[in-house]
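Listed below are the residues making up each chain.
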Amino acid sequence: MTDPLITTTALARSYQMGKTSVAALRGVDLTVQAGEFVALVGPSGSGKSTLLHLIGGLVRPSVGEVWVHGLELGGSSDTQLVAYRRDTLGFIFQSFNLLPIKSAWENVAVPLMLAGVPQAQRKARAIEILGQLGLAARAGHRPSELSGGEQQRVAIARALANRPRLLLADEPTGNLDSRTGGEIMALLQRLVREEGLTMLLVTHDMGVARFADRIVHLRDGLVERIEATEPELAR
Ligand code: ADP
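Residues numbered from 1 in each chain as written. Predicted model: local features only at pLDDT ≥ 70, side-chain atom pairs only at ≥ 80, totals over all residues. Heavy atoms only, no water.

Topic: the packing of helix α4 (residues 119–132) against helix α5 (residues 148–160)
Line of reasoning, step 1. At a closest axis distance of 9 Å, the pairing of α4 and α5 adopts a crossing angle of 125 degrees. Judged on the interaxial angle alone, α5 and α4 are oblique. Both α4 and α5 take part in a crossing whose hand is right-handed. The segment α4 lies against α5, with Arg125, Ile129 and Leu130 engaging Val154, Ala157 and Leu160.
Line of reasoning, step 2. Residue composition of the contact of α4 with α5, grouped by class: five nonpolar, no polar and one charged. (Axes fitted to C-alpha atoms, helices over the stretch in contact; angles between N-to-C directions. Helix = DSSP H or I, 4+ residues; strand = E, 2+ residues; numbered from the N terminus. Parallel < 35°, antiparallel > 145°, perpendicular 65-115°, else oblique. Left-handed = near helix turned anticlockwise from the far one by under 90°. Contact = heavy atoms within 4.5 Å. Nonpolar A, V, L, I, M, F, W, Y, C, P; charged D, E, K, R; others polar.)

Description of the site of the ligand
Line of reasoning, step 1. Contacts to the ligand come from Tyr15, Met17, Val22, Ala24, Pro43, Ser44, Gly45, Ser46, Gly47, Lys48, Ser49 and Thr50.
Line of reasoning, step 2. Between the ligand and the protein, one listed contact pairs an oxygen atom with a side-chain N or O atom of Lys48 at 2.8 Å.
Line of reasoning, step 3. Protein burial of the ligand: of its 550 Å² of free accessible surface, 63% is covered by the chains.
Line of reasoning, step 4. With three residues, helix α1 (residues 48–55) is the largest single contributor of residues to the shell around the ligand. (Near = heavy atom within 4 Å. Polar contact = N/O pair within 3.5 Å; in protein donor to acceptor, adjacent residues only side chain to side chain. Areas by Shrake-Rupley, 256 points an atom, 1.4 Å probe, with all protein chains shown as cover.)

Re the sheet that holds strand β7 (residues 166–170)
Line of reasoning, step 1. With mixed pairing, the six strands of this open sheet are ordered in space as β6-β7-β8-β3-β9-β10. Looking at the sheet topology across the chains shown, the edges are occupied by β6 (89–92) and β10 (222–228). Strand-to-strand twist of the sheet, defined as the mean angle between neighbouring strand axes without regard to direction, takes the value 20 degrees.
Line of reasoning, step 2. Bridge analysis of β6 against β7 gives four bridges, and the strand direction is parallel. Along β7, the bridge assignment pairs Ile92 with Ala169.
Line of reasoning, step 3. Docked against the sheet, α1 engages β3 (37–41), β6, β7, β8 (198–202) and β9 (214–219), running at close to 150 degrees with respect to β7. (Pairing = 2+ DSSP bridges.)

Describing the packing of helix α3 (residues 104–114) against α5
Line of reasoning, step 1. Closest axis-to-axis distance for the α3/α5 pair is 7 Å, and the angle between their directions is 30 degrees. The orientation of α3 relative to α5 falls into the category roughly parallel. In the crossing of α3 with α5, the sense of the turn from one axis to the other is right-handed. For the pair α3 and α5, contact is made by Ala104, Asn107, Val108 and Pro111 and by Val154, Ala157 and Arg158, respectively.
Line of reasoning, step 2. Residues that form the contact of α3 with α5 fall into these classes: five nonpolar, one polar and one charged.

Note that all results are geometric; they support no functional claim without further evidence.
This is the structure in structure tokens:
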């Protein structure tokens with residue numbers, strides 16, 4: 001039984017640089033099933049970020065289609081894309097992107113505010129998610145009072161706040177030491193397995209990619225090969 005959450009067909013994207021056109025992605029056909037954890041790997045400039053941004057509705061296709069959860073993003077209006085990002089996606093970044101003057105729970109509450117969750121419910125929901133990620137005791141701390149791993153867990157809590165179907169992660173362990181990075185990968189893998197999330201992760205680190213169910217190797221804007229893995233097991 002298959003239930004594709006993401007389907008791209010002949011997906012291509014070019015950028016105009018003065019008079020020349022740079023082909024970042026040159027025709028990608030990719031299907032990601034609901035509940036799958038997929039890593040995108042490849043050399044710098046191979047198109048990983050472009051593909052992630054197309055699926056995240058942040059960049060529009062030049063050619064081809066990108067369907068996520070029944071919506072073709074290239075043909076969607078800006079308003080539809082805002083709603084799509086708010087309701088369907090959670091983003092996780094290398095640099096955490098937390099608001100420095102807000103506490104952990106206030107950071108987690110930001111997307112709840114944007115989704116119109118009443119103020120009275122935001123704090124309880126934010127603290128509940130932080131608790132699920134082992135951060136209940138840190139809820140009132142500002143990012144500068146937290147370790148790198150804790151900051152990334154707060155950022156993951158923020159990404160989960162609106163109960164997204166799809167998590168998009170761009171080098172989420174890039175600013176962490178290898179042990180903490182492994183802990184974050186184990187956490188993300190657990191979330192995919194236990195919460196029925198789907199995850200697409202960009203990395204240049206094969207040790208990180210090994211946590212995924214499939215590894216999509218990109219080169220020169222094309223899928224070079226797709227590798228099914230025996231995922232590194234989280235403990
Ligand atoms: P990766 O994430 O694998 O490093 P990218 O998707 O960032 O690759 O980039 C693919 C190609 O597209 C590169 O040649 C890059 O220089 C180019 N590119 C990406 N984004 C832009 C942009 N906003 N403007 C111009 N060129 C871009």
